[in-house]
Amino acid sequence: APRLERRLRVTFLDVGDADCALVELPGGEAMLVDAAGSADGSAAFDPGEVIVAPALRARRIGRLARVIVTHPHPDHIGGLAYLVGEVPIGEVWDAGDYDENPAHDRLREALARRGVPRRRPRDLTVGGATLEVLHPRGDADPLASPNDNSVVLRLRYAGRTLLLLGDAEAAAEAELVAREPAALHADVVKVGHHGSRTSSGAALVTAAAPGIAVISAGPRSRHRFPHPEVVARWQAAGATVLHTGRTGAVTVTIDARGRLAVTTARADALRDATAARAGR
């Protein structure tokens, strides 16, 4: 029974040049960090219906305690309007930023129609796992870009740490590093902005120094994500880089004793990625 589960399980879904992480907390509570979408915000292909909802059904998840929206760009929220109508959602967290795009308009209408409350991100502890909001501190900065207003999360359990960077770019990274670089050290990092050159600066990569770096990007990215120099930077810091466009979904599991396991939907992908890092 999920209520008896004592593991933390985080699955970074294979959603192309977009983001969606399914977090299953010890004790059975589930939540999403972002919900994928298309870059232009169109509803022609809805990843909420085609990818995320089937993933929830496969894990027998019938309710989401919360969905955390890192920022309102279409590739992070496009699938959420569909999910609001299909899955009970306790609350949606966002930093209060606004972006003028069709996906954001559809989402706001769906939340209002279903009466799903919107709240500001906050720290909380569930089942012994601790979720901390590292950025922004308070509401979104009206002078910053949506990417630099991205909600950055630290998830800790049994002595292990996952760092989820949203689409944070250079300005947000500089603020994080200047404030408390030790807080960025992690076993697993969800790399910022799909492996773009505008993120993963040297100072942040050095501070995080993870064993695993997950990049959510398509196999034939229109933006050529991830950029080779970004991949090389994470590898040089000691990380095995897993690119969902090549590995399929990446699942990180941490048990109550702190043992960490990583699996990929494509069986050989983890071996190949580890070999690539060792070959540098």
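For the structure itself, look to the data block above.
Residues numbered from 1 in each chain as written. Predicted model: local features only at pLDDT ≥ 70, side-chain atom pairs only at ≥ 80, totals over all residues. Heavy atoms only, no water.

Caption draft 1: Expanded view of the nonpolar core. Core analysis: the biggest nonpolar cluster contains 32 residues, and L8, F12 and L162 have the highest contact counts within it. Those residues in contact with F12 that lie beyond four places of it in its chain are C20, A21, L162, L164, V188, K190, V214, T244, A249, V250 and V252. The next biggest cluster of nonpolar side chains, apart from the first, holds 30 residues, and it includes C20, L32, A53 and V116. (Core = buried A, V, L, I, M, F, W, Y, C linked by side-chain atoms within 4.5 Å. Buried < 20%, exposed > 50% of the residue type's maximum accessible area, 1.4 Å probe, protein only. Contact = heavy atoms within 4.5 Å.)

Caption draft 2: Quick look at the side chain of T240. If you trace the backbone, T240 turns up in strand 13 (residues 240-243). Looking at T240, the relative accessible area reads 4%, which means it is buried. Contact partners of T240, with chain neighbours within four places excluded, come to G211, I212, A213, L270, A273, T274 and R277. (Helix = DSSP H or I, 4+ residues; strand = E, 2+ residues; numbered from the N terminus.)

Caption draft 3: Quick look at helix 7 (residues 228-236). Along helix 7, the residues classified as buried are V230, V231, W234 and Q235. Each buried residue of helix 7 sits inside an arc of 135° when the element is viewed along its axis, so together they form one side. Exposed residues on helix 7 whose side chains face more than 90 degrees from its buried face are P228 and A236. G238, located one to two residues past helix 7, shows a positive phi value of around 100°. (Arc of directions from axis to C-beta.)

Caption draft 4: Just the environment of C20, in detail. By secondary structure assignment, the location of C20 is in the loop between strand 1 (8-12) and strand 2 (21-24). Sequence separation of C20 and V126 is 106 residues, and the distance between their C-alpha atoms is 20 Å. Filtering out sequence-adjacent residues up to four positions away, C20 remains in contact with T11, F12, L13, V15, L32, V33, D34, A35, A36 and V52.

Caption draft 5: Main features of the sheet that holds strand 9 (residues 152-157). The 7 strands lie next to each other as 7-8-9-10-11-12-13, forming an open sheet whose pairing is mixed. Taken across any chain shown, the strands that pair with only one partner, and hence form the sheet edges, are strand 7 (124-126) and strand 13. With strand direction ignored, the average angle separating the axes of adjacent strands in the sheet is 20°. Inspection of the sheet shows strand 8 (residues 129-135) paired to strand 9 by 5 bridges, in the antiparallel sense. Residue pairing across strands places T130 opposite R156, the latter belonging to strand 9. Packing of helix 5 (residues 170-179) onto the sheet brings it into contact with strand 8 and strand 9, and relative to strand 8 it is tilted by some 115°. (Pairing = 2+ DSSP bridges. Axes fitted to C-alpha atoms, helices over the stretch in contact; angles between N-to-C directions.)

Caption draft 6: Layout of the environment of R113. By secondary structure assignment, the location of R113 is in helix 4 (residues 102-114). Here the alpha-carbon distance between R113 and V84, two residues 29 residues apart in the chain, equals 9.4 Å.

Caption draft 7: Just the pattern of salt bridges, in detail. On inspection of all chains with the given rule, the structure shows 18 salt bridges. Linking D19 and K190 is a salt bridge whose minimum nitrogen-to-oxygen distance equals 2.6 Å. Here the residue D19 occupies a position in the loop between strand 1 and strand 2, and K190 occupies one in strand 11 (residues 188-190), the gap between them amounting to 171 residues. In this structure D19 comes out as buried when scored by relative accessible area, which is 5%. Residue K190 is classed as buried on the basis of its relative accessible area, which comes to 7%. The partner of R118 in a salt bridge is D94, with the nearest N and O atoms 2.9 Å apart. Of this pair, R118 sits in strand 6 (residues 118-119) while D94 sits in the loop between strand 5 (92-93) and helix 4, placing them 24 residues apart in sequence. One salt-bridge network, held together by shared partners, links E29, R66, E91, R119 and R122. (Salt bridge = Lys/Arg side-chain N within 4 Å of Asp/Glu carboxyl O.)

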